[in-house]
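Observations on the three-dimensional arrangement
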Amino acid sequence: MKTKQYARLLSLLLIFSAGLFTSCSKEIAADPIAIAKATITGAANNPTIWRLTEVTVNGSAESNFSTISSNGSNTYMITFYQGGSFKDSDGVVGKWDVPNPQALSTSYVNLISGVEVLQSYLIEESNSNILKLKYTYQGKVIQLTYVTTGK
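Figured I'd write up the structure that's included with this text.

Conventions used here
- Residues numbered from 1 in each chain as written.
- Predicted model: local features only at pLDDT ≥ 70, side-chain atom pairs only at ≥ 80, totals over all residues.
- Heavy atoms only, no water.
- Pairing = 2+ DSSP bridges.
- Helix = DSSP H or I, 4+ residues; strand = E, 2+ residues; numbered from the N terminus.
- Phe/Tyr/Trp six-rings, centres within 6.5 Å; stacked < 30°, edge-to-face > 60°.
- Buried < 20%, exposed > 50% of the residue type's maximum accessible area, 1.4 Å probe, protein only.
- Arc of directions from axis to C-beta.
- Polar contact = N/O pair within 3.5 Å; in protein donor to acceptor, adjacent residues only side chain to side chain.
- Contact = heavy atoms within 4.5 Å.

A few words now on the pairing of strand S11 (residues 140–148). Two faces, one strand: in a regular strand the side chains alternate between the faces of the sheet. Bridge count for strand S3 (residues 49–57) against S11 is 7 bridges, and the pairing is antiparallel. Across the sheet, the residue bridging to valine 57 is isoleucine 142, located in S11. With 8 bridges connecting them, strand S10 (residues 130–137) and S11 associate as antiparallel partners. Residue pairing in the sheet places tyrosine 137 in a bridge with lysine 140 of S11. Taking the residues between adjacent antiparallel strands as the criterion, S10 and S11 are bridged by 2 residues, where glutamine 138 takes a positive phi near 50 degrees.

So, in structure tokens, the structure goes:
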């Protein structure tokens, strides 16, 4: 009699254990917005510094970076911090967000005019080494290519 009770108890434990293991093995879907933000910011204690390496206007490479950076060609850099702030090499500070996995939005006060600038970008490519953004300005399609500086 006790053998049947032990067998029944063992069966119940096996069924319970199987159910427990099955419920624990479910995959949790990664949040695509969180992934996009993490790719742009890097680590909290070591944020990624992005260096502008190429600007194209309507598909043609722009050779005069001075229109992009007050510091001259190949020196414009930007860092996006966790928490939603950013700073660039021209001294501009502002806020940023990723409203969806393919978009980056920024806001800052223009240093010359004092006017708040809101800018939305399409994220064309983003990984730990490259960040390609695209936007339209006065009917022209502008593409910005950044690479990591190696920190």
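Positive phi outside glycine occurs at asparagine 58, with the angle close to 50 degrees. Mapped onto the fold, asparagine 58 is located in the loop between S3 and strand S4 (60–61). Notably, glutamine 138 is not glycine yet its phi reads approximately 50 degrees, a positive angle. Of note, glutamine 138 is situated in the loop between S10 and S11.

With that out of the way, let us pick up the packing of aromatic side chains. Counted under the stated rule, the structure contains 4 aromatic pairs. Seen from their ring centres, tyrosine 121 and tyrosine 135 are 5.3 Å apart, and the 85 degrees between their planes marks the pair as edge-to-face. Taken as a pair, tyrosine 121 in strand S9 (residues 116–126) and tyrosine 135 in strand S10 lie far apart in primary sequence, 14 residues in all. Classification of tyrosine 135 as buried rests on a relative accessible area of 16%. Every member of this aromatic cluster is reached through a ring pair, and the members are Phe80, Phe86, Trp96 and Tyr108.

Residues of helix H2 (residues 32–41) that are buried: Ala36, Ile40 and Thr41. Seen end-on, H2 carries its buried residues on one side only, within an arc spanning 120 degrees. Between the side-chain oxygen of the N-cap and the backbone nitrogen of isoleucine 33 there are 3.2 Å, and the N-cap of H2 in question is aspartate 31. Phi turns positive, to about 80 degrees, at glycine 42, one or two residues after H2.

Of note, threonine 145 is situated in strand S11. Assessed through its relative accessible area of 6%, threonine 145 is described here as buried. If we ignore the near neighbours within four places in the chain, the residues touching threonine 145 are Arg51, Leu52, Thr53, Glu54, Ile130, Leu131 and Lys132.

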